[in-house]
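Coordinates in review
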Amino acid sequence: MTQFVYGFAEGNKDQKALLGGKGANLAEMTNLGLPVPPGFTITTEACRSYLEAGHEPSELRVQVTMAMRRLEYEIGRDLGDRSDPLLVSVRSGAMHSMPGMMETVLNIGLNDESVKGLAEVSGNPRFAWDSYRRLLQMFGKTVLDIDGEAFSAALDSAKKTKGVETDVELEADDLEALVTTFKEIIREHTGAEFPQHPRDQLDQAVRAVFDSWNTDRARLYRRRERIPDDLGTAVNICTMVFGNLGDDSGTGVAFTRDPASGQTGAYGDYLVNAQGEDVVAGIRNTLSLADLQKLDPKSYDQLKKVMRRLENHYRDLCDIEFTIERSKLWMLQTRVGKRTAGAAFRIATQLVDEGLITMDEALTRVEGAQLAQLMFPQFDVSSDRTLLGVGMAASPGAAVGEAVFDSAAAVAAAAEGKDVILVRKETNPDDLEGMIAAEGIVTARGGKTSHAAVVARGMGKTCVCGLEALNVDLESRTARIGDLTISEGDPISVDGTTGELFAGSVDVVLSPVAAYLEHGLDEASEGLDEPTSELITSVDRLLRHADSARRLRVRANADNAEDATRARELGAEGIGLCRTEHMFLGDRRELIEHVILANDAGERQAAIDKLLPLQRQDFIELLTAMDGLPVTIRLLDPPLHEFLPDRADLMVKVALAQAAGNVDPKDEVLLTAVERLHEVNPMLGLRGVRLGLAVPGLFALQIQAIAEASAQLKGEGHDPRVEIMIPLVGSVMELFLIRDESDQILRDVAESTGVKQTIPIGTMIELPRAALTATRVAEAAEFFSFGTNDLTQTTWGFSRDDVEAAFFAVYLDRGVFMVSPFESLDVDGVGRLIQIAAEDGRRTRPDLKLGVCGEHGGDPESIHFFHGVGLDYVSCSPFRVPVARLEAGRAALL
């Protein structure tokens, strides 16, 4: 019989796939002897079985019964007993942390009878009725799917009637009346009474947690975080401990280091006389751990010892949930904490310096996506700024956009191409879509451990929480702060590093990390504060270690000397793709028109002769910027009609001129050429190698210019290392024909210049046929460069410019993709073709150099795949070069 239920003492932290992260870590803390309330975990296997079959496994009910009886025996109380009830929480816990995305129900076991027993045994009727109303509220929303606003409105009404501002000011009689109201809400919305039998409550809550795995917000979160949909969630049944028993009780969330900055020391939020959900929901502004030290020194000292032990045990920043029940500390959860990008780099090197981890381990603790975040611009402190208020710096960054006041407005505005800032009293899991759509998030309530803060940090979104002066009025679609009113659509600026909110749009400047990457450590560090200086030093240390660890070389895609110089400053070890078509724009467009429209070979050659010195100078500048490093130059690739006027515009122009009787003969010639070259599907038409074969002299012009530029620089004592790449090859015969012409031109240039040089000639693998016939193609190619943009298009049969807007949203929503195949490599399809081509090509030519030059070359996940299949280098945009360096180092270690 499959074991679906594990006691906390039976598991450990390495069983996250089975017990979920929460269950595995509860088990680990139990085994460490920390004060964890007794309980048990229902496995992810049970969830998957439930979701597949539509009902629980038959043996699950028996196993839960046995686990509950063991728990009752251990505690000495029975679930829902009338006189001294055992109460439990039912909490989700997936393998990967999904904060706030799934469900929790507290105080299971309370009913109309046991609430009286709880009041008597605790000596605190207010606590008992408060616990019961919380159960009704959470059960109604989570299990019975009643809109949470119905309960919130009733609670607000009770506070208004009482004339108080907060929940804790309601007395026992008020809460007892609220319980009656909540039960009426449940009856009205479901047509049934709230279940009084404790086991019914438990079973329904477990099913609700299972079902919450497939809620819209959970699926959306998994899609964004690239978490598979088939993992399922575990369910943790834990003995209730109560932070709402009075002023000597409370609940909190703590971090062993600041998750926003990486600063050492204990950080967290604490609420007196509250339950755990109050903290993460952000519905009350919290106290700090320093306040806890003053209120309850003994519990604070114990918490500090536990935090230190957990950080030493996990050797990482730990996120801890705890409750204090009448001055007794209980640990409810721990996990390796989510952190901002800057904190990740600082913490990684701090732990190295403290002797807890190695530099190899530190490198695996940071990600390329985090480095990219640190390169984003930040606000210019010298610009004119109107400060509106200062809240808690929950997630760093600089965000500018129009104010919106709910998730739907954020999604709608973002769909129109607008940058928006989501402004809320507090966020809840239903706001996830709006948080994703927004550039930044501002809340009036909550602290660094609130839902808004935790989710924003996980997504790399700028966030300010707990801006108490902010009064959000959803009904009027405005927010007031002091004497100023912010209306929906007004521009505001959010600084998640300082917690500041500004009116209007504030100018942004280069971030310190970007400045370091471009100008070096010494220059970038001048005048910086200690935390920023430490951050830059951490990035420098980890990048240098990545460079020493990685096998993959990192090149850049650059088409001119300026981009090449910047790429080199950012650490590029060559140019993996120079797109020569960009050299034929502007004033040179007319010369290309002459090549296309020439009536005979003489006219065409005259136009080519004018282009030759221009192309030669282009290559001299590019090769000079990359002196001593390889430069792969792709010969002209796009369809020729792209260098001619737009067909529709020209047809209209000629038609109007004909009607007026004053047609320009040149326009008629142009139109004839455009009509001749017009293609229904130009991306699969006359382009790439086909141009070189169909238009005499075109490729020869470029090859001659490359060879002469290289020869000139070599003669001047430089070290040009140029490579020529033939695009869109589908047959080895195409490549042989171009090579015959190329080899002759190279011999002629060597003879005319007196400079001997070796210029490798290879091809871009961007067609499935080229990949599948790589054994033959390698006979003529000295290197392969995988053009993954076009290879993805041709493998999937997609036209990227059309399909992304047409149906990708549907494919992502329905699970066809976890992520766009143009964003991260389709490993199963396109990746398989790359693997075949790499293996087959090297069978023919063992020293075949292999690289990738599509945008996937800068995607962290794709880089790990390229490392695994044995490519020699990746090439990406200059901005992504540091990211690729870091990920290539991580790929060598993971």
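A quick note: this is a predicted structure, and the numbers were derived from the prediction, not measured.

As a further point, take the sheet that holds strand β5 (residues 233–239). Across the sheet, which stays open at both edges, the five strands sit in the order β1-β2-β5-β3-β4 with antiparallel pairing between neighbours. The sheet is open, and its two borders are formed by β1 (5–7) and β4 (104–108), each paired with just one other strand. Within the sheet, the average angular offset between the axes of one strand and its neighbour, ignoring direction, is 20 degrees. Where β1 and strand β2 (residues 39–42) come together, three bridges link them in antiparallel fashion. By the bridge assignment, Gly7 is partnered in β2 with Phe40.

Attention now goes to unusual backbone geometry. Non-glycine residue Asn273 carries a positive phi angle of around 55 degrees. With respect to the helices and strands, the residue Asn273 is situated in the loop between β7 (264–272) and α10 (276–281). Its identity as a non-glycine residue notwithstanding, Ser327 has a phi of 70 degrees, on the positive side. Its place among the elements puts Ser327 in the loop between β9 (318–325) and β10 (328–336).

Before going further, it helps to examine the pattern of salt bridges. As enumerated under the stated definition, the model contains 54 salt bridges in all. Where Glu723 meets Arg555, a salt bridge forms, and the shortest distance between an N and an O atom there is 3.3 Å. In this pair, Glu723 is assigned in strand β27 (residues 721–726) and Arg555 in strand β24 (residues 553–557), connecting sequence segments 168 residues apart. This pair shows no difference in class: Glu723 is buried, exactly as Arg555 is. Among the salt bridges present, the one from Lys849 reaches Glu723, with a minimum N-O distance of 2.6 Å. Of this pair, Lys849 sits in strand β30 (residues 849–852) while Glu723 sits in strand β27, placing them 126 residues apart in sequence. Through salt bridges that share partners, Arg126, Asp130, Arg133, Arg134, Asp156, Lys159 and Asp167 make up one connected network.

Assignment of secondary structure puts Glu573 in the loop between α22 (561–569) and β25 (575–579). Not counting residues up to four positions away in its chain, the partners in contact with Glu573 are Arg550, Arg553, Val554, Arg555, Leu629 and Pro630. Polar contacts involving the side chain of Glu573 include one to the side chain of Arg553, which spans 2.8 Å.

A few words on the packing of aromatic side chains. Taken as a whole and judged by the stated rule, the model has 20 aromatic pairs. Centre to centre, the rings of Phe151 and Phe182 are 5.1 Å apart; their planes meet at 85 degrees, and the pair counts as edge-to-face. Linking Phe151 in helix α6 (residues 148–162) with Phe182 in helix α7 (residues 172–190), this pair joins segments that are 31 residues apart in sequence. Accessibility classification places Phe151 together with Phe182 in one group, the buried group. These aromatic residues form a ring-pair network of at least three members: Trp796, Phe798, Phe807, Phe808, Tyr811, Phe817 and Phe822. Positioned above the aromatic ring of Trp330 is the side chain of Lys328, whose terminal nitrogen or guanidinium carbon lies 5.0 Å from the ring centre. Over the ring of Tyr873 we find Arg555; its NZ or CZ atom is 3.8 Å from the centre of that ring.

Moving on to the packing of helix α5 (residues 125–142) against α6. Following both chains from N to C, one finds α5 and α6 inclined at 155 degrees, their axes separated by 8 Å at the closest point. The pairing of α5 with α6 is recorded here as roughly antiparallel in orientation. Contacts between α5 and α6 involve Arg133, Leu136, Gln137, Gly140 and Lys141 on the former and, on the latter, Gly148, Phe151, Ser152 and Leu155. For the contact of α5 with α6, the per-class residue count stands at three nonpolar, four polar and two charged.

The rules we used
Starting from 1, residues in each chain are numbered consecutively following that chain's sequence as written. Side-chain atom pairs in this predicted model are given and counted only at pLDDT of 80 or more, local residue features only at pLDDT of at least 70, and totals for whole chains, interfaces and linings cover all residues. Hydrogens and waters are ignored; side-chain quantities use all the structure's heavy atoms. The pairing criterion is simple: DSSP has to find at least two bridges between the two strands. The secondary structure listing takes helices from DSSP runs of H or I that are at least 4 residues long and strands from runs of E that are at least 2 residues long, numbered from the N terminus. All axes here are fitted lines through C-alpha atoms, helices being fitted over the stretch that makes contact, and every angle between N-to-C directions spans 0 to 180 degrees. Between Lys or Arg on one side and Asp or Glu on the other, a salt bridge is scored when a side-chain nitrogen of the former is within 4 Å of a carboxyl oxygen of the latter. Accessibility here uses a 1.4 Å probe with only protein chains present; expressed as a share of the type maximum, an area under 20% marks a residue as buried, one over 50% as exposed, and anything in between as partly exposed. Contacts were defined at the residue level, with two residues in contact if any of their heavy atoms lie within 4.5 Å. Think of a polar contact as two N or O atoms within 3.5 Å of one another; within protein, one of them needs to be a possible hydrogen donor and the other a possible acceptor, and neighboring residues in sequence only count if both atoms come from side chains. Here is the rule: rings of Phe, Tyr and Trp (six-membered ring for Trp) pair when centre to centre is within 6.5 Å. Planes less than 30 degrees apart are stacked, more than 60 are edge-to-face, and the remainder are tilted. For a lysine, the NZ atom is tested; for an arginine, the CZ atom; a charge sits over a ring if that atom is within 6 Å of the ring centre and within 35 degrees of the ring normal. Roughly parallel means an angle under 35 degrees; roughly antiparallel means over 145; roughly perpendicular covers 65 to 115; every other angle is labelled oblique. Residues are sorted three ways: Asp, Glu, Lys and Arg are charged, Ala, Val, Leu, Ile, Met, Phe, Trp, Tyr, Cys and Pro are nonpolar, and all the rest, Gly among them, are polar.

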